[in-house]
Every structure is written in structure tokens, then in C-alpha cells.
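Chain and residue survey
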Amino acid sequence: MKNIEIAKDAAELSQLLARDGCGLYTSSLSGLSLQALQPIIDTFMDLINLPKEERAEWEIDADGEDNPDDGLVERFGGGYDHKFFFHFKSMERIMHTMSGKQSYANQRDKWDKFLMGLEMIHARLCQDLLQVISAFDGLYPGHDMLEKIKQRNYQTRGIIRLLYYKPGHAVTAKPHYDQSLLTAHVAESRPGLIVGKENHEAGIVYVPDNRNMLVFPGIKADIATDNVMQAMYHVAVADETKIDEGRWAIIFFYNCEVPFTTKELSAKIQEKLAKA
């Protein structure tokens, strides 16, 4: 696989996604340096380090499916390395739960600033990737991608994932495909993501870029575009020389409506992995 190319505009990115499976894109966040994004990461780390009973209040089951799908998620055991996620779909969804929680009330100004920062990032990235899909519709007619996106509730159309891998683990994310339409790696503390269409040995290590974000398709792209765009195989690994350091990332999942449940999408991913 050749080096990842930088798209000069939304149309060129849509072509790169169809041709190469990924591309670098200068988003509307490019004016925000990592230094500007650092306060969001710092607040995320403060959240992780709350006492366990306070941290548990941030595990939000907004959809009522007996499984945290917003706010803080911790994964440890069951084949997972120790990691934390913070999932943000909208400030409204989180505030519906958190407005009555003591851990939120104790530092309301701090958490409000954190959530408003995520709301700004969410809005900008939704607009960026909407432009990419609009360009895709113009270049590859017949898929009605804008209509499929509009069928998705705006609150769940985009999902920000703040991700922190605990120190001491060699493999941080096993080889997989995402369930998204498009995935954007907005910022990362250090390299660790490897992308490749077939296997990560044949892929390339993504080096975080302060100006450009990495964009690649998920499994919904296979379905919604009739394989014009195909999900990108990827894995995250730890630098063996820095295994005692944690690693954070800001990731954005952009979604459209497809006629499959989450469980059915997972089955499609497993089928695709078996062929990789």
C-alpha cells in the first residue's frame, strides 16, 4: 500500500476513499492545534481519575438498552486491554442524564466547558464529512448517500470517541473494521494505528498530523455505496519502547442509515475479517 495521500478538497477525498481506502483531509478543525485540543483531553483524564462511584455516574445508557452508549465506557477483561472511551453524540443526550448527578454538580463549570468543546468539534466534523458525501454523490451518482445520511437522527449521525489506552499493553486494538460510514482520526498522542486493505503487515503506520485528519470507510460504506467505498482494515499497536506510557486519541464516527441492526453489522464485519 502506498503512502496516504492528502486530498485538496472534499471531492478529491471521496475519490481517494474509493480508490485507496483512505485519505488525509484538512478539516475545519485544522486551525485548532493539539495545544488547543489538549484541555479536552486533560478533562477526559480527570474524568477517568474520578473516584469509582463518581465515575460510574458518567456511564450513560441513553437508549435504554442496558448498555452504556454515551458518556464513559471502561473495557477491561474479556479479551480487551484496559481502555476507556468517552462517547459524545450530543450535549442534550448527556445533559438529560447528568443534570441530576452529584459528580456533575460538584464541578459544573468544568464539565460544561468540556461538553461545549465536544459539541463544537461534533458540529464541525459533521459539516466536513457531509461535504465529502455530497461530493461523492456528484462523482458516483445512483447511491443517494445524502438521503441515507438525512435518514439518520442528527444526534447519532456523528459520534465523538475520546479514547485512552492504559499503559502496559502491547496490542491496544485487535484487527477490525469499524461499523461507521466514515471514520476520522482527528488527533492522537503518538503513532499506533496501522491501516491496510488486506492485513496490517502490508499496511502503513499512521503518523498523527497536526493539520490533517485521516479518514477511511467503515462497514456501512460497503453497504450504502455498493462497495464503491470499502471498509478499511486496521489495528492499533503500542510502541514497545513506550509500553509504559498511555495513548489517547480523538476519533469521529460518521453514520448513515442502513437496513441492518448493530448485531447484523457485527456479523458482516466478522465475515469480512474471515476473508481478510
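Residues numbered from 1 in each chain as written. Predicted model: local features only at pLDDT ≥ 70, side-chain atom pairs only at ≥ 80, totals over all residues. Heavy atoms only, no water.

Along the protein, the regular secondary structure elements total 10 helices and 13 strands. Summing over all exposed atoms, the protein offers an accessible surface of approximately 13,000 Å²; the carbon and sulfur share of this is 48%. (Helix = DSSP H or I, 4+ residues; strand = E, 2+ residues; numbered from the N terminus. Areas by Shrake-Rupley, 256 points an atom, 1.4 Å probe, with all protein chains shown as cover.)

Bringing the nonpolar core into the picture now. Among the nonpolar cores identified, the biggest contains 65 residues, and Trp 58, Phe 86 and Leu 182 are the most heavily contacted of them. Of all the elements, helix α6 (residues 108–139) adds the most residues to this core, at 12 residues. Among residues more than four places away in sequence, those in contact with Trp 58 are Leu 47, Leu 50, Asp 70, Gly 71, Leu 72, Phe 86, Ile 94, Met 98, Ser 103, Tyr 104 and Trp 111. (Core = buried A, V, L, I, M, F, W, Y, C linked by side-chain atoms within 4.5 Å. Buried < 20%, exposed > 50% of the residue type's maximum accessible area, 1.4 Å probe, protein only. Contact = heavy atoms within 4.5 Å.)

Let us look at the packing of helix α4 (residues 91–98) against α6. Orientation of α4 relative to α6, taken along the N-to-C sense of each, is 155°, at an axis distance of 10 Å. Taken as axis vectors, α4 and α6 run roughly antiparallel relative to one another. Facing α4, whose interface residues are Met 91, Ile 94 and Met 95, α6 presents Asp 112, Leu 115, Met 116 and Glu 119. When the residues that make up the contact of α4 with α6 are grouped by side-chain class, the tally is 5 nonpolar, no polar and 2 charged. (Axes fitted to C-alpha atoms, helices over the stretch in contact; angles between N-to-C directions. Parallel < 35°, antiparallel > 145°, perpendicular 65-115°, else oblique. Nonpolar A, V, L, I, M, F, W, Y, C, P; charged D, E, K, R; others polar.)

Quick look at the side chain of Thr 156 now. Tracing the backbone through its elements, the reader meets Thr 156 in helix α8 (residues 154–157). When its relative accessible area of 15% is taken as the criterion, Thr 156 is described as buried.

Turning our attention to the packing of aromatic side chains. Evaluation of the coordinates by the stated rule reveals 7 aromatic pairs. Residues Phe 86 and Phe 114 carry aromatic rings whose centres are separated by 5.2 Å and whose planes lie at 65° to one another, so their mutual orientation is edge-to-face. With Phe 86 in strand β5 (residues 80–88) and Phe 114 in helix α6, this residue pair connects regions lying 28 residues apart in the sequence. Comparing Phe 86 with Phe 114 shows no difference in burial state: the two are buried. Among the aromatic residues, those joined into a cluster by ring pairs are Trp 58, Phe 86, Trp 111 and Phe 114. Of note, Arg 161 hangs over the ring of Phe 85, and the distance from its end group to the ring centre comes to 3.8 Å. (Phe/Tyr/Trp six-rings, centres within 6.5 Å; stacked < 30°, edge-to-face > 60°. Lys NZ or Arg CZ within 6 Å of the ring centre and 35° of its normal.)

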